[in-house]
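Fold and contact review
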Amino acid sequence: MAETAEEEIKSLRLREGHAQEWRLGLEMTENSREVVLDILLTMEKEGEYSNQLIRATLDKLDYLPVQEKAFIKRVAEGTIERQIELDTYLDACSKVPVKKMKPFIRCLLRMSVYQLLYMDSVPDSAVCNEACKLAVKRKFQNLRGFVNGVLRNIARNKENLVSPEEMGLSGQYSMPEWIVELWSREYGKEITETILKGIEGIHPVSLRFLGRTEEKKRKELLQAFTQKGVVWEESPYLPDIYLLKKSAGIKNLPGYEEGAFTVQDASSALAVRAAQIKPGDFCIDACAAPGGKTILAAERAGRVLSRDVSPEKTEKIQENIERLQLSNVEVQVWDARVTDETMSGKADVLFLDVPCSGLGVMGKKRDIKYHVTPEGLAELEDLQKQIVDSCRDYLKPGGTLLYSTCTIDRQENEEMVKYISRELGFKPVSLEKSLPEKVWEEKQHIRQLLTECGLEKRAGLTEEEENACIQILPGFFEMDGFFIARFQKETVE
């Protein structure tokens, strides 16, 4: 069937895009790839988080062409994200297991295999040749033949490396086996695979316009975004949140300096909405960084006390407060594990977005999965209980406690609901009327799926507790993985 004019133009643009990427792969010599290699080696040796390291590296290399920086960012992030899968292929094609390779060779092969498998328009020959050049440059010339042989082997057998059955969900989605097993026990295999697909997908930057930004101004800014090449779409859940692709840095967008918007995911905004703040309320945000909930609360409340444990965190909150010109927020350095007696009985709303494993935001922070351990989850639960115990008396009788995390782990979520409700005596409050209908319907859909596979009662919540919380799962919702639970402090009779 002949192509329509529109299809022909689209096909031509696609071919042109592939040609540009192919040329880019040739142009990116060992210098660009060496930057990626050093990022990977630093992460392996020093345990740094990739998003911080990549950002810091690109800031230092700001003089590089945009295309070259984009290449570095994509290869670095992709290699980190797909590490478990890449190691599976390397183990299948190398006589030396990945774990026994020298760190330099291991990182060099991982980044090269990522290019072979996930950057189809970059010539295989360029990937192999540049990897061999880097091996020689870094004094590993005796392993040049080994590197070349492994990469040529993978390049020749891309379609038949390891079967999906052999890889399992852990290999297919590059997720540690223990996390896959944990979620499979809690949610079943089908829901787990949907979560894994959701995490693996593209996660746009989420931007929220402040309530004072009039509709006309918002439309003007969105049009300006488009002119700068930004691809955007409105959140399906909240009308003031937009999802941005190709944004090239939020700080560079029109409207940033004048405080028209802030970065906030819909899941975080829903937590504030769930608290149902009233004008004149005094809110305490006890673990506030990076400050998204503080900012939205300040737009609705009379006053907000925003706290976090370190000057580094509170300085970032303060910077945003000043940029957004919010005069009703006080920012303080305070360890939430330490009770502040002066705040006893003062707050109408208490936000406890406690430190957590972060398993819900792995789509944006790709290497969290390599830092979290089963032992660490138990330690986090103890920390979360310390914070709840230390801060709970800040609420007035009848006040609202909004507990939240950015994780997908019952130990940190549903178990904490039972602790707050049953041991501390807070009353669970249904979220049905305070969440968008589409969000509540998806919660019920997931609940039905759990019922069908016999896992609905696994969390052990009462009906009242179940209705007072929501687990937002990637793949089911178009937002970060997040957990929200609402409680009321009992009134004094």
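Rules used in this analysis
- Residues numbered from 1 in each chain as written.
- Predicted model: local features only at pLDDT ≥ 70, side-chain atom pairs only at ≥ 80, totals over all residues.
- Heavy atoms only, no water.
- Helix = DSSP H or I, 4+ residues; strand = E, 2+ residues; numbered from the N terminus.
- Rg over C-alpha atoms; globule rule 2.2 N^0.38 Å.
- Buried < 20%, exposed > 50% of the residue type's maximum accessible area, 1.4 Å probe, protein only.
- Contact = heavy atoms within 4.5 Å.
- Areas by Shrake-Rupley, 256 points an atom, 1.4 Å probe, with all protein chains shown as cover.
- Pairing = 2+ DSSP bridges.
- pLDDT = per-residue confidence, 0-100.
- Axes fitted to C-alpha atoms, helices over the stretch in contact; angles between N-to-C directions.
- Salt bridge = Lys/Arg side-chain N within 4 Å of Asp/Glu carboxyl O.
- Parallel < 35°, antiparallel > 145°, perpendicular 65-115°, else oblique.
- Left-handed = near helix turned anticlockwise from the far one by under 90°.
- Nonpolar A, V, L, I, M, F, W, Y, C, P; charged D, E, K, R; others polar.
- Phe/Tyr/Trp six-rings, centres within 6.5 Å; stacked < 30°, edge-to-face > 60°.
- Lys NZ or Arg CZ within 6 Å of the ring centre and 35° of its normal.

Turning our attention to the overall build of the protein chain. For the protein chain, the helix and strand inventory stands at 20 helices and twelve strands. Taken over the C-alpha trace, the protein chain has a radius of gyration of 25 Å; the compact-globule value for 493 residues is 23 Å, and the two agree within 12%. Seen along its three principal axes, the alpha-carbon backbone of the protein chain occupies a region of about 80 × 55 × 50 Å. When each of the 493 residues of the protein chain is scored for burial, the buried share is 54%. Taking as baseline every contact in the protein chain between residues at least 6 positions apart, the subset at least 24 positions apart corresponds to 76%. When the accessible surface of the protein chain is totalled, it reaches about 23,400 Å², and 49% of it is carbon and sulfur.

Before going further, it helps to examine the pairing of strand 12 (residues 482–488). In terms of burial, strand 12 is a largely internal element, six of the seven residues being buried. Sheet topology places strand 10 (residues 427–428) next to strand 12; two bridges connect them, and they run antiparallel. Looking at strand 12, one finds that lysine 427 is bridged to glutamine 488.

In this structure, valine 333 sits in strand 7 (residues 329–333). On the basis of relative accessibility, which here comes to 42%, the residue valine 333 falls in the partly exposed class. With 234 residues separating them along the chain, valine 333 and lysine 99 place their C-alpha atoms 42 Å apart. Contacts of valine 333, omitting those with residues within four sequence positions, involve Asp308, Val309, Ser310, Pro311 and Thr314.

Detailed reading of the predicted model is not advised wherever pLDDT is low. Residues of the protein chain with pLDDT of at least 70 account for 93%, and the chain-wide mean is 90. Between residues 1–29, whose pLDDT stays under 50, and residues either more than four places distant or in other chains, the model counts 23 contacts.

This part covers the sheet that holds strand 2 (residues 231–234). Here we have four strands laid out as an open sheet, ordered 2-3-1-4, and antiparallel in their pairing. Unpaired on one side and paired on the other, strand 2 and strand 4 (261–263) mark the two borders of the sheet. Adjacent strand axes in the sheet meet at a mean angle of 30 degrees when their direction is disregarded. The strands that helix 12 (residues 215–227) touches are strand 1 (205–209), strand 2, strand 3 (241–245) and strand 4; relative to strand 1, the one it contacts most, it runs at about 155 degrees.

We now examine the pattern of salt bridges. This model, assessed by the stated rule, comprises 31 salt bridges. Of the charged contacts, one joins lysine 219 and glutamate 215 as a salt bridge, the two residues approaching to 3.4 Å between their closest N and O atoms. Of this pair, lysine 219 and glutamate 215 both sit in helix 12, four residues apart, which is roughly one turn of the helix. Relative accessible area serves as the criterion here: at 53%, lysine 219 is assigned to the exposed category. Here glutamate 215 falls in the exposed class, since its relative accessible area comes to 54%. For lysine 418, the salt bridge goes to glutamate 415, with nearest N and O atoms at 2.9 Å. Separated by three residues within a single helix, lysine 418 and glutamate 415 lie in helix 18 (residues 414–423), roughly one turn from each other. Judged by its relative accessible area of 32%, glutamate 415 falls in the partly exposed class. Each of Glu81, Arg82, Glu85, Glu200 and Lys369 takes part in one network of salt bridges that share partners.

Take the packing of helix 6 (residues 103–118) against helix 7 (residues 124–137) next. The contact between helix 6 and helix 7 brings their axes to 9 Å, and the two run at 165 degrees. With respect to helix 7, the element helix 6 is oriented roughly antiparallel. Relative to helix 7, helix 6 is oriented so that their crossing is right-handed. Where helix 6 approaches helix 7, its residues Phe104, Leu108, Ser112, Gln115 and Leu116 are matched on the opposing element by Asp124, Val127, Ala131, Leu134 and Ala135. In terms of residue class, the contact of helix 6 with helix 7 is made up of seven nonpolar, two polar and one charged.

With that out of the way, let us pick up helix 18. Among the ten residues in helix 18, seven count as buried, and that is most of the element. Turning to helix 18, its buried residues are Glu414, Met416, Val417, Lys418, Tyr419, Ile420 and Ser421. Residues of helix 18 that are buried sit in contact with helix 17 (374–391), strand 9 (395–405), strand 10, helix 20 (463–467), strand 11 (469–472) and strand 12. One or two steps after helix 18, the chain reaches glycine 425, where phi turns positive at roughly 80 degrees.

This structure, assessed with the given rule, holds eight aromatic pairs. Judged by centre distance (5.9 Å) and plane angle (80 degrees), the ring pair of phenylalanine 209 and phenylalanine 261 falls under edge-to-face. Placement of the pair is phenylalanine 209 in strand 1 and phenylalanine 261 in strand 4, with a sequence separation of 52 residues. Cluster of aromatic residues (ring-pair linked, three or more members): Phe209, Phe225, Trp232, Tyr242, Tyr256 and Phe261. For the cation-ring pair, arginine 303 lies above phenylalanine 282, with the distance from its terminal atom to the ring centre recorded as 4.1 Å. In this structure, arginine 410 is placed above the aromatic ring of tyrosine 187, and the distance from its NZ or CZ to the ring centre is 5.2 Å.

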